[in-house]
Amino acid sequence: MSLIAARDLSKTYRMGETEVEALKQVNVEIETSSFVSFVGPSGSGKTTLLNLMGCLDKPTSGVLTVDDTDVSKLDTRMAAAFRGRTIGFIFQDFNLMPVLTVYENVAYPLVLVQKTGARERKQRVLDLLDAVGMADQRDKYPYQISGGQKQRVAIARALVTHPKLVLADEPTANLDHKTAYRVIDIMKRIKNELGTTFIFSTHDQKIVGEAEIIYTLEDGELVKGGVK
Amino acid sequence: MLDLLKIALRNLLRYKRRTLLTASLVSIGVVFVLVFISVSASFKHMMIGQITDSFLGHIQIHRKGYVASIDNLPLTLGLNPKAFAKVEKALNEMPEIEAYSKRIKFGGMFSNFMETTNIRLNGVYPDDEIKTSPLLLSRITQGEKSLQPGDIILPELLAKGMKVKVGDTVVVIATNRDGSVNGKQFLVSGILESATGPGGRDGYIHFEDAQEVLRMETMEISEIAIRLKDFTKLHSVFADLKESLGAELNQQGKPAFELHTWEKLSPFYNIAKMIDLMTFFVKLMLMAIVLISIMNVMVMAVYERIREIGTIAAIGTLPGKIMAMFLVEGLSLGVFGAVVGNVLGVVIIFLLDAAHLTFEFGRQKGLLLSLNMPLQDVFLISTIVITISALASLHPAYKASRMNAIDALRHV
């Protein structure tokens, strides 16, 4: 069953007087519990596609359903609530809250997005910190840990709400190779354990090789894709 | 809510110096306003107390038309025994009234047998007058602190100018309501310190002496001064009294009496109103300080944390919660500033009070400034600061909540 289905998905931006077609008639279906990578040069539309799938943006035309919801019809508030329930995000720059500890960063979506009970929250956070190997760093602040550790915390934060889908835009771009592989390994392990769908974009060809399904975008068009 | 507060406080601590500067600015503003309010209110209340307790009373009753001619001290506009009986009945029925004093006020000639000058006199029953104007005794700087028939208490400037001392004999000559002149010798029993306002330089004689000088066959009362048990009930008692006496009509079918609170009788009321106006403008300044400083900090906070706003929006934080996050931050800053300012303000007021500051007003010297800080003022200032903090944070918080997540995440 498809978790994501995009049909004739297009996105056009207006930059001053000119219109830029970021995505052109993209058709793609992504199954539940898959490990998908979108590759392509800068400006190929990877981030735009991820933003649309993440309900952060709306398509200019076409239909996009995520978890059986036509996300193009959601207003700002509904989209935020949908993201909080269904989608986790991992960012290139980790984007941890600097004023919160590792534990608090991971707990944040459960506190301010999902309002999970204290006991369950603690259990989930500790389990995930353990899963990403950050349990012993739980009381540290983001400035006290390395880039790789930050990204592991970001993965835990993305997963703590038990989302069906995790979107990661260039999650390894700011990491060295060894750390990047470790992060991808963690993502794959969690995908296998929890059945979460991971979609990530990357430039790194070696990292791309870790994906089960690879789609290539060029100038906003899906030029190649499928199971390896 | 506690989690929002925790994040807000952590974010405030993140920029310690800026937070401290802004909170200090708010605190200094609060201290300034509290001290100003305390000093001005103490000055105002003390002066009102001086004026009402020295001679004016809290409320005065006259025959209709008397106050319009009050500078002439007309003898033809007095209250006769029948009219006074009605007033007395109304006053006796009101438990809020502490005391009242009937006065015969008149102007006359004053002679020390060498020189003659003008004098304004009050004929009073001393016991009633002292109950109504309790500061009267303390104004008697020389001589007996009492007034017997045949005695006169002279205002100090007149006594000094006429070179009259306690124990001297003087003559008062006055024209009565029929136009005939009469005089009487008096013994100077006391010298009275001047007080600010109308009546502050009047002399006193016994009520019966006034009747004798003016050859009154029946009592003709110029005014009735009233003192209340609780000054804060001035306007409610005044309204009740007005209602009670308002129905009394004279032969022309018009109200027989006119009632005035001290506010209508003393020019100091205008100074008091000016003080209130200044207090209002000082409060406005505080509002401006809080508004500008907190809005500035919150605008900067939003601008500096655009990527964080994008992140929390992306992971599903609802716009309302993002707005609340920044509102709580601004509010916390205001609350912190208000609390520190209140504590410092109260301490400074306490120290100023302990210093026993005195001041001069007109010819009155050594008036002790008794500072206090009513809780309602502390509450009011705190409410102003906290409300303005919330208002100042509202726009930046709203902007943060409406921020496009993608644009915010792209922000460098």
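Here the structure is a predicted model, which means the values were calculated and not measured.

1. Examining the overall build of chain A
Now for step 1: Scanning chain A from terminus to terminus reveals 7 helices and 10 strands.
Now for step 2: Over its C-alpha trace chain A gives a radius of gyration of 17 Å, about what one expects of a compact globule, namely 17 Å for 228 residues.
Now for step 3: Projected onto the principal axes, the alpha-carbon positions of chain A cover approximately 50 × 40 × 35 Å.
Now for step 4: Here chain A holds 228 residues, and 54% of them are scored as buried.
Now for step 5: Contacts spanning at least 24 positions in sequence make up 70% of the contacts within chain A whose residues lie at least 6 apart.
Now for step 6: On chain A, roughly 10000 Å² of surface is accessible, and the fraction owed to carbon and sulfur atoms is 47%.
Now for step 7: Averaged over its 29 positive side-chain charges, chain A has a centre that lies 6 Å from the centre of its 29 negative ones.

2. Here we look at the pairing of strand β4 (residues 61-66) of chain A
For a regular strand, side chains alternate in direction, first toward one face of the sheet and then toward the other.
Residues and elements named next belong to chain A.
Now for step 1: Sheet analysis places strand β1 (residues 2-15) next to β4, joined by 5 bridges and oriented antiparallel. From the neighbouring strand, S10 faces β4, where its bridge partner is S61.
Now for step 2: Judged from the 2 bridges that link them, β4 and strand β5 (residues 69-70) form a sheet pairing that is antiparallel. Looking at the pairing, T65 lines up with D70 of β5.

3. Things to note about the domain arrangement of chain B
Now for step 1: Looking at the assigned domains, one finds that chain B contains domain 1 (2-51 + 270-410) and domain 2 (65-255).
Now for step 2: For domain 1 of chain B versus domain 2 of chain B, the distance between C-alpha centres works out to 50 Å.

4. A word on a negative patch on the surface
Residues and elements named next belong to chain A.
Now for step 1: A surface patch of negative charge is lined by E21, E218, D219 and E221.
Now for step 2: Relative to the helices and strands, E21 is located in strand β2 (residues 18-31).
Now for step 3: Of the residues examined, E21 reaches a relative accessible area of 46% and is grouped as partly exposed.

5. Thoughts on the sheet that holds β2(A)
Within a beta sheet, neighbouring strands are joined by backbone hydrogen bonds and run either parallel or antiparallel to one another.
All names here are of chain A.
Now for step 1: Reading across from one edge, β2-β1-β4-β5 is the order of the 4 strands in this open sheet, with antiparallel pairing throughout. The two strands at the open ends of the sheet, each matched to only one other strand, are β2 and β5.
Now for step 2: Sheet contacts for helix α1 (residues 46-53): β1, β2 and β4; angle to β2, the most-contacted strand, approximately 60 degrees.

6. A word on the interface of chain B and chain A
Now for step 1: Listed by partner, the interface residues are 24 residues for chain B and 28 residues for chain A.
Now for step 2: Summing both sides of the interface, chain B and chain A together bury roughly 2300 Å²; the carbon and sulfur share of this comes to 63%.
Now for step 3: In terms of surface lost to chain A, no three residues of chain B exceed B:R10, B:I315 and B:I406, which account for 26% of the buried area on that side.
Now for step 4: Connecting chain B to chain A are 3 salt bridges.
Now for step 5: One salt bridge connects A:E104 with B:K6, and the closest N-O pair in it is separated by 3.3 Å.
Now for step 6: Here chain B is connected to chain A by 9 residue pairs in polar contact (both at pLDDT 80 or more).
Now for step 7: Looking at the side of chain B that touches chain A, the elements that each hand over two or more residues are α1 (2-14), α11 (306-314), α12 (319-354) and α14 (405-410) of chain B.
Now for step 8: If one sorts the elements of the side of chain B that touches chain A by residue count, α1(B) sits on top with 7 residues.
Now for step 9: In terms of residue class, the side of chain B that touches chain A is made up of 12 nonpolar, 4 polar and 8 charged.

7. Description of helix α3 (residues 81-92) of chain B
Now for step 1: In this model, α3(B) (12 residues) spans 16 Å end to end at C-alpha, consistent with the 16 Å of a helix rising 1.5 Å per residue.
Now for step 2: In this fold, the buried residues of α3(B) make contact with β1 (59-63), β2 (97-111), β9 (223-228), α8 (234-246) and β10 (257-261) of chain B.

8. What to know about the pattern of salt bridges
Now for step 1: A full pass over the atoms with the stated rule returns 28 salt bridges over all chains.
Now for step 2: Between A:K164 and A:D67 there is a salt bridge, and its shortest N-O distance comes to 3.0 Å. Taken together, the positions of A:K164 in the loop between α5 (147-159) and β7 (165-169) and A:D67 in the loop between β4 and β5 put the pair 97 residues apart, joining distant regions of the chain.
Now for step 3: Note that B:D53 is salt-bridged to B:R227, the shortest N-O span being 2.6 Å. Here B:R227 lies in strand β9 and B:D53 lies in helix α2 (residues 16-56), a separation of 174 residues in the sequence.
Now for step 4: For B:D53, a relative accessible area of 15% puts it in the buried group.
Now for step 5: Each of B:R103, B:K105, B:R120, B:E129, B:D202 and B:E223 takes part in salt bridges that share partners, so that together they form one network.

9. Some points on the layout of surface pockets
Now for step 1: Roughly 730 Å³ of volume is contained in the largest pocket.
Now for step 2: Listed by contribution, the elements that provide at least two residues to the lining of the largest pocket are β2, α1, β6 (87-90) and β7 of chain A together with α14 of chain B.
Now for step 3: If you tally residues by element for the lining of the largest pocket, the top one is α1(A), at 5 residues.
Now for step 4: Tallied by class, the residues present in the lining of the largest pocket amount to 12 nonpolar, 11 polar and 8 charged.

10. A few points about a nonpolar patch on the surface
All names here are of chain B.
Now for step 1: Residues L291, I292, M295, V299, L391 and L394 make up a contiguous nonpolar surface patch of about 490 Å² in total accessible area.
Now for step 2: Looking at the nonpolar patch, the elements with two or more residues in it are α10 (268-304) and α13 (375-401).
Now for step 3: No other element matches α10, which puts 4 residues into the nonpolar patch.
Now for step 4: Tracing the chain through its elements places L391 in helix α13.

11. Digging into the side chain of B:Q211
Residue and element names in this part refer to chain B.
Now for step 1: Tracing the backbone through its elements, the reader meets Q211 in helix α7 (residues 207-213).
Now for step 2: The buried category is assigned to Q211, whose relative accessible area is 17%.
Now for step 3: Apart from residues lying up to four places away in sequence, Q211 is in contact with I104, M216, T218 and M219.

Conventions and cut-offs
- Residues numbered from 1 in each chain as written.
- Chains lettered and ligands numbered in written order.
- Predicted model: local features only at pLDDT ≥ 70, side-chain atom pairs only at ≥ 80, totals over all residues.
- Heavy atoms only, no water.
- Helix = DSSP H or I, 4+ residues; strand = E, 2+ residues; numbered from the N terminus.
- Rg over C-alpha atoms; globule rule 2.2 N^0.38 Å.
- Buried < 20%, exposed > 50% of the residue type's maximum accessible area, 1.4 Å probe, protein only.
- Contact = heavy atoms within 4.5 Å.
- Areas by Shrake-Rupley, 256 points an atom, 1.4 Å probe, with all protein chains shown as cover.
- Lys, Arg positive; Asp, Glu negative; His and termini not counted.
- Charge placed at Lys NZ, Arg CZ, Asp CG, Glu CD.
- Pairing = 2+ DSSP bridges.
- Domains from an automatic or database assignment.
- Patch = residues over 30% accessible without salt bridge, like charges linked within 9 Å, V, L, I, M, F, W, Y side chains within 5 Å.
- Salt bridge = Lys/Arg side-chain N within 4 Å of Asp/Glu carboxyl O.
- Axes fitted to C-alpha atoms, helices over the stretch in contact; angles between N-to-C directions.
- Buried area = accessible area lost by both parts, 1.4 Å probe.
- Polar contact = N/O pair within 3.5 Å; in protein donor to acceptor, adjacent residues only side chain to side chain.
- Nonpolar A, V, L, I, M, F, W, Y, C, P; charged D, E, K, R; others polar.
- Expected span 1.5 Å × (residues − 1).
- 1 Å grid on protein atoms, 1.4 Å probe; cavity = no way out; pocket = protein on both sides within 12 Å on 5 of 7 lines; lining within 4 Å.
- Points joined across faces, edges and corners; volume = space filled by probe spheres on them.

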